[in-house]
Amino acid sequence: TLNAGGFMDLLIADFCLIQSNRPIGVFQFSRSFQTDNVLISDPFMLSVPTCEQYRDSYAVATAPFEPAIAGTVTGRVAYVNYTNIAVPAEYFDVSLITVNNGPIIASEFRPIRRADNSIWGYGAQLLLDEGAQVISHQDPNAGLSVTLYGFSNQMSWGCTGGTGLSPVAIPRVQCNDTTVVENVGNAIVQCERSGLVDESVSFTITTVDGTAMAGTDYTAVTAQTVTFASGQSTTTFSVSIINDFIPEQVERFTTSLIPNPNVIFTSNNPVVTIEDDDGITVEFSDPVYSTFESTGVLRAALVSSLPLSTAYQIRIRFSSGNATRNVDFTSTPLRLRFPAGVTRVNFTVPITVDGVFEGTESFNLRLDLTPGAEALRVREGDQNTAVGRIIDQALRVQFNQTTYTGSEQSGFVPV
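Let me begin by describing the structure that accompanies this report.

1. Re the overall build of the protein chain
Alright, step 1. Assigned secondary structure in the protein chain consists of 1 helix and 29 strands.
Alright, step 2. Looking at the protein chain as a whole, 36% of its 415 residues qualify as buried.
Alright, step 3. A separation of at least 24 residues holds for 69% of the contacts in the protein chain among residues at least 6 apart in sequence.

Below, the structure is given as structure tokens:
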């Protein structure tokens, strides 16, 4: 805790994140020869820019080569120049961060962690050549921090690479995407703010249709006010979701964050995803289907609990019982199109008419949902298997032997 006019100094061995709930100044300075026993003295001090004032590009110049001076401490005579680069995690892509348009090796970057050990961003300390340097993030909407410093015999220097002009006191607000089930009632969108939290601040949101449509899937919101109370770092707003009984695919709409001079939005417009709760079951209409072999086909059907909103392909697979596959029936998997708007689809299975009496035979049918079922919220019903029965009518009658013998006295021959 610091009172007005107070200060504290910390010995920091690595990159770190310094946060405050009130405005503060942060300065970095090096330790002198008397404290760290290196051949350097005269510590530098530089101002550390706030995160809100990061820029996407810096043009800087390092200290020039310094010739040896008689009577000074022996050792390095040229400045050794460094830059410290800090990049927030949301902007970190090492392929987009360059020095003089050249890449930076990814291993140069180390995590910068918050007090809870979560990663805020990444930092790198780089050795710089003498002269003019351009340190940039190739995404103009991104931001990074650049500070520079250098050492030579008995002298050192340091400065910030520059700062943007965004007012530090403006709070930064991020609103998150959310996913809800259609019957939830309201979609709750959570927003967080950083920076200044001591004062109340408000902004407005408006819903924008995507695949989800206002009036049928959700209730439209126009210029709804969302407020952070004084001292509050999180808040929420809600949008009413309409629960219908029509099976639908996953749908989405956007909540547009209206530009506001009192707020810096650090996130894209949050997206609300609606998952349908009217799941449809598809199953066989009956557990057993029977046919006479002489008909050449087995007739069966699939039924759904509700009409589908879009056509859907379903596979039916076959396996042998005591009927032999591809001998007594055709076992090639059947692809069946279930049209939109209906609840029953009939189909047939070819049966082989062989003229050989075999008695009653059976085979198995198995429902197999194709990819895309989850998106349509289609699932198998309890009756996801069935039995096909083939009744053979080809009854042959013949003598059981070629010769029959009887006696004259009996008056007959048994046949």
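2. As for the state of the cysteines
Alright, step 1. Scanning the model with the defined rule gives 1 disulfide in all.
Alright, step 2. Disulfide partner of C175: C191, at an S-S distance of 2.2 Å. Here the disulfide of C175 and C191 is right-handed, its torsion about the S-S bond being about 105°. Of the two residues, C175 sits in strand β12 (residues 172–175) while C191 sits in strand β14 (residues 186–194), which places them 16 residues apart along the sequence.
Alright, step 3. Classification of C175 as buried rests on a relative accessible area of 3%.
Alright, step 4. C191 gets classed as buried once you look at its relative accessible area, which sits at 0%.

3. Focus on the packing of aromatic side chains
Alright, step 1. Considering all chains together, one arrives at 10 aromatic pairs under this definition.
Alright, step 2. Here F92 and Y122 contribute two aromatic rings whose centre-to-centre distance is 4.4 Å and whose plane-to-plane angle is 25°, an arrangement assigned as stacked. Placement of F92 in the loop between β4 (80–88) and β5 (97–99) and of Y122 in strand β8 (residues 119–128) is noted, with a sequence separation of 30 residues between them.
Alright, step 3. The class of F92 is partly exposed, set by a relative accessible area of 24%.
Alright, step 4. For the pair F203 and F228, a centre-to-centre distance of 6.3 Å together with 35° between the ring planes defines the contact as tilted. Highlighted residues: F203 in strand β15 (residues 201–209) and F228 in strand β16 (residues 224–228), separated in sequence by 25 residues. The two residues F203 and F228 agree in class, both being buried.

4. Here's the deal with the nonpolar core
Alright, step 1. Grouped together as the largest cluster of nonpolar side chains are 26 residues, with contacts concentrated most on F284, L302, I316, F347, F363 and L365.
Alright, step 2. Counting only elements with at least two residues in this core, the list comes to β21 (280–284), β23 (297–304), β24 (312–320), β25 (334–338), β26 (344–350), β27 (361–369) and β29 (385–391).
Alright, step 3. Core analysis: the second largest hydrophobic core is formed by 22 residues, A212, Y218, I241 and L257 among them.

5. As for the pairing of strand β9 (residues 132–137)
Alright, step 1. Note: strand β3 (residues 57–61) against β9, 5 bridges, orientation antiparallel. When the bridges of β9 are listed, V60 appears paired with Q133.
Alright, step 2. Where β5 meets β9, 3 bridges bridge the pair, whose relative direction is antiparallel. Looking across to β9, one finds that I97 is bridged to H137.

6. Looking at the side chain of N84
Alright, step 1. Looking at where N84 falls in the secondary structure, it is placed in strand β4.
Alright, step 2. For N84, the side chain forms a polar contact with the side chain of Y149, separated by 3.0 Å.
Alright, step 3. Apart from residues lying up to four places away in sequence, N84 is in contact with F15, Q28, A124, Q125, S145, V146, T147 and Y149.

7. Comments concerning the sheet that holds strand β18 (residues 251–257)
Picture the strands of a sheet paired through backbone hydrogen bonds; they go either parallel or antiparallel.
Alright, step 1. Strand order in the open sheet formed by 5 strands is β13-β20-β18-β15-β16, with mixed pairing between adjacent strands. Edge strands, defined here as strands with exactly one partner in the open sheet, are β13 (178–181) and β16. This sheet shows a mean twist of 30° between the axes of neighbouring strands, independent of strand direction.
Alright, step 2. Pairing of β15 with β16 involves 5 bridges; the strand directions are antiparallel. Within β16, the position partnered with V201 by the bridge is F228.

8. A short note on the pattern of salt bridges
Alright, step 1. Scanning the entire structure with this criterion turns up 3 salt bridges.
Alright, step 2. For the salt bridge of D368 with R315, the shortest nitrogen-to-oxygen distance reads 3.1 Å. With D368 in strand β27 and R315 in strand β24, the pair connects residues that are 53 residues apart, well separated along the chain. Judged on exposure class, the residue D368 and its partner R315 are both buried.
Alright, step 3. A salt bridge links D368 to R317, with the nearest nitrogen and oxygen atoms 2.8 Å apart. Here D368 is found in strand β27, whereas its partner R317 is found in strand β24, with 51 residues between them in sequence.
Alright, step 4. Looking at R317, the relative accessible area reads 37%, which means it is partly exposed.

9. Notes on the environment of I205
Alright, step 1. Its place among the elements puts I205 in strand β15.
Alright, step 2. Given the relative accessible area of 0%, I205 is considered buried.
Alright, step 3. Between the C-alpha atoms of I205 and I258, which are 53 residues apart in sequence, the distance is 5.7 Å.
Alright, step 4. Setting aside residues no more than four positions away along its own chain, I205 makes contact with V221, T222, A223, Q224, V226, F237, S256, L257 and I258.

10. Some thoughts on the sheet that holds β24
Alright, step 1. Sheet architecture is open: 5 strands sit in the order β22-β29-β27-β24-β25, paired in mixed fashion. For this open sheet the edge positions go to β22 (288–292) and β25, each flanked by a neighbour on one side alone. Strand-to-strand twist of the sheet, defined as the mean angle between neighbouring strand axes without regard to direction, takes the value 30°.

11. Let's talk about the environment of V413
Alright, step 1. Here V413 shows up in the segment after β29.
Alright, step 2. For V413, a relative accessible area of 44% corresponds to the partly exposed category.
Alright, step 3. If we ignore the near neighbours within four places in the chain, the residues touching V413 are Y404, T405 and G406.

About the cut-offs
Residues numbered from 1 in each chain as written. Predicted model: local features only at pLDDT ≥ 70, side-chain atom pairs only at ≥ 80, totals over all residues. Heavy atoms only, no water. Helix = DSSP H or I, 4+ residues; strand = E, 2+ residues; numbered from the N terminus. Buried < 20%, exposed > 50% of the residue type's maximum accessible area, 1.4 Å probe, protein only. Contact = heavy atoms within 4.5 Å. Disulfide = S-S within 2.5 Å. Phe/Tyr/Trp six-rings, centres within 6.5 Å; stacked < 30°, edge-to-face > 60°. Core = buried A, V, L, I, M, F, W, Y, C linked by side-chain atoms within 4.5 Å. Pairing = 2+ DSSP bridges. Polar contact = N/O pair within 3.5 Å; in protein donor to acceptor, adjacent residues only side chain to side chain. Axes fitted to C-alpha atoms, helices over the stretch in contact; angles between N-to-C directions. Salt bridge = Lys/Arg side-chain N within 4 Å of Asp/Glu carboxyl O.

Remember, this is a structural readout, not a statement about activity or role.
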